[in-house]
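So you can see what is in the structure, the chains are spelled out below.
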Amino acid sequence: MKTVIALIEAGAEQLEQAGVAFGHGTANAFDEAAWLVLWRLKLPLDEIDAVADTPVAPADAAKVEALIAERIASRKPAAYLTKEAWLQGVSFYVDERAIVPRSFIAELIADGSIDYWLGEHTQRVLDLCTGNGSLAVLAALTYPEVTVDAADLSVAALEVAAINVTRHALDARVTLIESDGLAATPGPYDLVLCNPPYVNSRSMAALPAEYRAEPELALAGGTDGMDFVRRLFADAPARMSEHAVLVLEIGNEREHFEAAFPQLEVVWLETSAGDDQVLLATRAALAALTPP
């Protein structure tokens, strides 16, 4: 009879040999296999050591092997197969209607990195490009005195976000808004969080299948990745209160960002991926920005 760890190791080897891509919650084959095996067996995802030597009935082992095979054949992110993703220890529902949540902004909310710019004046928060609603939920959980608007152009993504808002009992504090950028958002906001589509066209063309399984709308940012950001910066000051700040994720596009906005004063925030993935801009800095 196979054990849990044996199934994980075998699954990791299969994933490695198949050349699947990671980055939707895990960074390597072992962690991905562990996630799939433990989820399929309904075991705690954070207690591998405690269950490693547990025997697995042949029927259950077959279910695990089928799931690993589906991951390889479909090239879908594991989160789409399990219908669950974790961000900062919080569980979220997700499916193909929304991008798999993985924003580094979640780290900054959890560790208090942006709290310096917040205060008693921080009452209204906007999560723009909310996707499955994870950042909106985390902000509401972290700052119990605020109300949060969660906006997205995609009605389908907002349907997923609604599941998560209700799941975390936040319907009274999180409002979902269908909006093209900031167009339908009322404002003024004291804190704007945004993980927008920022992947440049060359990188889009080279994305692995796992990323192409996600909604293109949530990823594609135009030739230099800055199409959405340009609109955002032009519109944001009118939706921000006097002391508001904007926290923006731009992934690996810092070079393109700085080329597009050479005059903008920003603060680069440290995350587990380094200090070039997420930035903070004040309303004053955005208002002073000369339009390109």
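Residues numbered from 1 in each chain as written. Predicted model: local features only at pLDDT ≥ 70, side-chain atom pairs only at ≥ 80, totals over all residues. Heavy atoms only, no water.

1. Considerations on the sheet that holds strand β7 (residues 240-249)
No. 1: Reading across the sheet, the 7 strands line up as β5-β4-β3-β6-β7-β9-β8 and stay open at both edges, with mixed pairing between neighbours. Single-partner strands in this sheet number two, and they are β5 (174-178) and β8 (267-271). Direction aside, the axes of adjacent strands within the sheet are offset by 25° on average.
No. 2: Where strand β3 (residues 124-128) lies against strand β6 (residues 189-194), 4 bridges are found, and the strand directions are parallel. Counterpart to Asp-127 in the pairing with β6 is Leu-193.
No. 3: The strands touched by helix α8 (residues 155-167) within the sheet are β4 (147-152) and β5, with β5 carrying the most contacts at an inclination of about 175°.
No. 4: Against the sheet, helix α11 (residues 227-235) contacts β3, β6 and β7, and its axis sits at roughly 170° relative to β7. (Pairing = 2+ DSSP bridges. Helix = DSSP H or I, 4+ residues; strand = E, 2+ residues; numbered from the N terminus. Axes fitted to C-alpha atoms, helices over the stretch in contact; angles between N-to-C directions. Contact = heavy atoms within 4.5 Å.)

2. Quick notes on unusual backbone geometry
Most of the time, phi is negative for any residue but glycine, and the peptide bond is trans.
No. 1: Of the consecutive residues Gly-187 and Pro-188, the connecting peptide bond is found in the cis state with omega at -10°.
No. 2: Relative to the elements of secondary structure, Pro-188 occurs in the loop between β5 and β6.
No. 3: The backbone of Cys-129 sits at a positive phi, close to 65°, despite the residue not being glycine.
No. 4: By the secondary structure assignment, Cys-129 is in the loop between β3 and α7 (134-142).

3. Let's talk about the pairing of β5
No. 1: Bridging between β4 and β5 involves 5 bridges; their strand directions are parallel. For Asp-149, the partnering residue across the bridge sits in β5 and is Thr-175.

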